[in-house]
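As a plain string of letters, each chain reads:
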Number of protein chains: 2
Amino acid sequence: MAGTELTNLRSPRVKAARRLTKRAFREQDRKFLAEGPQAVREALKLDGVTLELFTTAEAELRHPELVTQATLQGLPVHRASGEVMAELSQTVTPQGLLAVCRLVHVPLDEALDRALPREPKLVALLAHVRDPGNAGTVMRAADAAGADSVVFTDASVDPYNGKCVRASAGSLFHLPVVIGAPVAAAVARLKERGLRVLAADGAGKHTLDDVDLSGPTAWIFGNEAWGLPDDVLALADDVVRVPIYGQAESLNLATAAAVCLYSSARAQRVP
Amino acid sequence: MAGTELTNLRSPRVKAARRLTKRAFREQDRKFLAEGPQAVREALKLDGVTLELFTTAEAELRHPELVTQATLQGLPVHRASGEVMAELSQTVTPQGLLAVCRLVHVPLDEALDRALPREPKLVALLAHVRDPGNAGTVMRAADAAGADSVVFTDASVDPYNGKCVRASAGSLFHLPVVIGAPVAAAVARLKERGLRVLAADGAGKHTLDDVDLSGPTAWIFGNEAWGLPDDVLALADDVVRVPIYGQAESLNLATAAAVCLYSSARAQRVP
């Protein structure tokens, strides 16, 4: 724990962290920001992921165990003024804890190999998903449903976006995430690895209720507003929709994804 | 269609609509604002719900059918300047269409009677839900899952909150909504009407996978951060959790609600 408090918004340390709020700099520096006690706790559980910690005096009192843990791991812990934290934070009410982490994504095959000795049986693939809150909520649901990996294709939002990290509620650190995979190549590889690829789309002929989901499955989820483009639908083994029993036109993307992933999780476990 | 454009932010008409962004005035005036083409379209489908329409010139060109429909129904349609629309809108990028509507909620028994001649079989009850986006997303999921009603207990957010209306994506107009019901009284009445009351909570002994959901069910969903208080849990026939197969600590409230509601919908339909 540094004895002095960071109060200067233009100090090199603050500026180096601040620039990680921009995607281009995250890619260049190979680092991102994980904000809030939940994200920091999950980041600290992984070897070598957290690089430094920023904390306010107040947050230190609320979460002494996290500061202790970071210190024991030999990480630089910077006490920051409320003003500096507000500058680094991407939330309206900063929670006073923020970790600088190295990027955690892995290549697709490495992600799928993490399931070994068994073969991967549940994967979520995000194609053209643009809303970071939705993408993070899908990551969290995929983690909860026991998915083996979440794949962000080249046309999807950056999972290291602050809103996405926050919405994932730590799940970004729980399951292997793949980034920037071209969708056709990713689908081909998933099929080679024995997964049946299902596109979730309102245009599906089949509903969740009439497909057998007991086998290994990769779900493709698309854009919030306009679903999946035809070329992506054509890659899938089948197009499946969540049945709408009432008058709603559709479901929110993250909601639909959770219903699909949990249907798979259940079908794979409950005889 | 009025020939002149409303440009004065302080005109009585604009002020009368603007005050409906506050809950106290919505209750006093018995009116609320429904923003965006989707909400306006659904509002116009219901007899006597829409009272007046505000539109920008641009939105009129994009959605002429909605303006025509409002005019044919004899509703006052006010062309508003972009500045006036921004004043009335509760979104960062106003979509240029905004309806003033009368409140649509009904007493609990009336909501349940809408299912007649059959008995109600799926109800969502929100207790202590505070986030309007979450509440609206639950309404949308309940509608999609074919629920008979959504009940907001006295300690929950106002469903006429602009964010909630928007997140509901029209569902506020689709299924009967009940407001301000004391939770114990609502639960008692739901039981009397033949519904088994299940509290969705991470503390549940049973998971979704090991309860029989084929009968009529009312789900209680609680607060985003701390779940359901003991006195509410005690009212339920059973406490059920969504199984977590991975490392996630929990699910987002709206996600968990969708998974529960769809599990019920499926169990009630698929043998």
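Observations regarding the relation of the copies chain B and chain A
Screw-axis analysis of chain B against chain A gives a translation of 0.0 Å along the axis, an RMSD of 0.0 Å, and a rotation angle of 180 degrees. Interpreted geometrically, this transformation is the action of a two-fold axis.

Observations concerning the packing of aromatic side chains
Counting across every chain of the model gives eight aromatic pairs over all chains. With a centroid separation of 6.3 Å and an interplanar angle of 35 degrees, the aromatic rings of Tyr262(A) and Tyr245(B) are classed as tilted. Here Tyr262(A), found in helix H12 (residues 253-269), pairs with Tyr245(B), found in the loop between strand E11 (238-241) and helix H12 (253-269), and the two come from separate chains. A relative accessible area of 6% places Tyr262(A) in the buried class. Note on Tyr245(B): relative accessible area 25%, which makes it partly exposed. One aromatic cluster is present, formed by Phe32(A), Tyr160(A) and Phe173(A) through successive ring pairs.

Comments concerning the interface of chain B and chain A
Facing the 31 residues of chain B at the interface are 31 residues of chain A. Here chain B meets chain A over a buried area of about 2700 Å², counting both sides, of which 56% is carbon and sulfur. On the chain B side of the interface with chain A, the three residues burying the most area are Arg140(B), Tyr245(B) and Tyr262(B), jointly 22% of the side's total. The interface formed by chain B and chain A holds two salt bridges in total. Connecting chain B to chain A are 22 residue pairs in polar contact (both at pLDDT 80 or more). Those elements giving two or more residues to the side of chain B that touches chain A turn out to be helix H8 (132-144) and H12 of chain B. Per-element tally for the side of chain B that touches chain A: the top contributor is H12(B), with seven residues.

Things to note about the pattern of salt bridges
All names here are of chain A. With the rule as written, the count across this model stands at 34 salt bridges over all chains. Across the salt bridge formed by Arg23 and Glu27, the nearest N and O atoms sit 3.2 Å from each other. With Arg23 and Glu27 both in helix H2 (residues 23-29), this residue pair falls four residues apart, about one helical turn. Two residues, Arg118 and Asp148, come together in a salt bridge whose shortest N-O distance is 2.6 Å. Taken together, the positions of Arg118 in the loop between helix H7 (108-113) and strand E5 (122-126) and Asp148 in the loop between helix H8 (132-144) and strand E6 (149-153) put the pair 30 residues apart, joining distant regions of the chain. By relative accessible area, Asp148 is classed as buried at 9%. Each of Asp109, Asp113, Glu119, Arg189, Glu192 and Arg193 takes part in one network of salt bridges that share partners.

Description of the pairing of strand E11 (residues 238-241) of chain A
With three bridges connecting them, strand E8 (residues 196-200) of chain A and E11(A) associate as parallel partners. Paired with Leu198(A) across the two strands is Asp238(A), which belongs to E11(A).

About the cut-offs
- Residues numbered from 1 in each chain as written.
- Chains lettered and ligands numbered in written order.
- Predicted model: local features only at pLDDT ≥ 70, side-chain atom pairs only at ≥ 80, totals over all residues.
- Heavy atoms only, no water.
- Least-squares fit on C-alpha atoms with pLDDT ≥ 70 in both.
- Phe/Tyr/Trp six-rings, centres within 6.5 Å; stacked < 30°, edge-to-face > 60°.
- Helix = DSSP H or I, 4+ residues; strand = E, 2+ residues; numbered from the N terminus.
- Buried < 20%, exposed > 50% of the residue type's maximum accessible area, 1.4 Å probe, protein only.
- Contact = heavy atoms within 4.5 Å.
- Buried area = accessible area lost by both parts, 1.4 Å probe.
- Salt bridge = Lys/Arg side-chain N within 4 Å of Asp/Glu carboxyl O.
- Polar contact = N/O pair within 3.5 Å; in protein donor to acceptor, adjacent residues only side chain to side chain.
- Pairing = 2+ DSSP bridges.

So, to be careful, I would describe these as geometric facts and stop short of saying anything about function.
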